[in-house]
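Given next are the chains, with one letter for each unit.
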Amino acid sequence: MLYDEQDILRSMDKIETNLHLWNEIGRLKLKLITQFADRNTKIISPKNCQLVEMYFNSEKMAKTNGRVAEKTPEVGETVSGLLVKKAFTYQIMALDDLHVFSQLSITNSSQRITIAYTGAFGVLKHRLKQIFESVESLPDEEYEGRAFGVHERLTVKYESEKHISLHWRSDPISDMVSDSVVALVLNIGREIPKVAVESEEATKTEEENN
């Protein structure tokens, strides 16, 4: 293969330029090594397209504030609280201290849903007792004996002969309980003949307990 004089000159210029850049990078490397000699710093100058693997320490420090910081934990003791991140800093604080040490605030969301239900109210309570461990009647003064609570998270209230209502404060567990109760109510609506028989049994059971 033949090369003309211009191609050879251009190749030599490129080589000279690369050598000049490499020398500049080498001088920069020596300067950095000298400047950070008192630190545990490693400086490399990889070649073009050379794979470089870098490892970072994943440990993070968090500062405790408020009630969480009142007691010094023992070695190995677990600290419970909210972990709040702002920029590159982390803080652990109690839920009640969130508005004090940050610009965040807490809100509670109460939910209510009305469902069509024509079965006996006692049957629904009987069915729920078969699923949940804690199903208790609520005070008669407030609900006139027409409401009961499920695990102290959800209230089932008798509204009329055709409707019931569910009341709960929204959180992951209470939402799951409400979904289960709604599914049960809808399932009972599809089993009217069977529900009528269970209604009589549930009524007898309540009379025997009283």
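Right above here is the structure, for reference.
Remember, it's a predicted structure, so these values are computed and weren't measured experimentally.

**Q** Pulling in residues and values, what's your account of the side chain of K125?
**A** Mapped onto the elements, K125 comes out in helix α3 (residues 121-131). A residue is classified by how much of its surface remains accessible, and K125, at 15% relative accessible area, is buried. If we skip the residues at most four places from it in the chain, K125 touches V135, S137 and F148.

**Q** So, unusual backbone geometry: which residues are in play, and what are the values?
**A** The phi dihedral of A87 is positive, around 55°, even though this residue is not glycine. Summarising the element assignment, A87 is placed in the loop between β2 (82-86) and β3 (89-93). Relative accessible area serves as the criterion here: at 60%, A87 is assigned to the exposed category.

**Q** Let's hear about the sheet that holds strand β1 (residues 62-64): which residues, and what values?
**A** Pairing is mixed in the open sheet, where three strands are placed in the order β1-β3-β2. Two strands in the sheet have a free side with no partner beyond their single neighbour: β1 and β2. Each strand of the sheet is rotated relative to its neighbour by a mean of 30°, with strand direction disregarded. As paired elements, β1 and β3 share three bridges and run parallel to each other.

**Q** Describe the packing of α3 against helix α5 (residues 172-189), listing the residues and the values that go with them.
**A** It is the contact of α3 with α5, at a shortest axis distance of 11 Å, that shows an interaxial angle of 130°. One element, α3, and the other, α5, form an angle in the oblique class. For the pair α3 and α5, the crossing hand works out as right-handed. In this structure, α3 contributes L124, R127, L128 and I131 to the contact, and α5 contributes V181, L184, V185, N187 and I188.

The rules behind each value
Residues numbered from 1 in each chain as written. Predicted model: local features only at pLDDT ≥ 70, side-chain atom pairs only at ≥ 80, totals over all residues. Heavy atoms only, no water. Helix = DSSP H or I, 4+ residues; strand = E, 2+ residues; numbered from the N terminus. Buried < 20%, exposed > 50% of the residue type's maximum accessible area, 1.4 Å probe, protein only. Contact = heavy atoms within 4.5 Å. Pairing = 2+ DSSP bridges. Axes fitted to C-alpha atoms, helices over the stretch in contact; angles between N-to-C directions. Parallel < 35°, antiparallel > 145°, perpendicular 65-115°, else oblique. Left-handed = near helix turned anticlockwise from the far one by under 90°.

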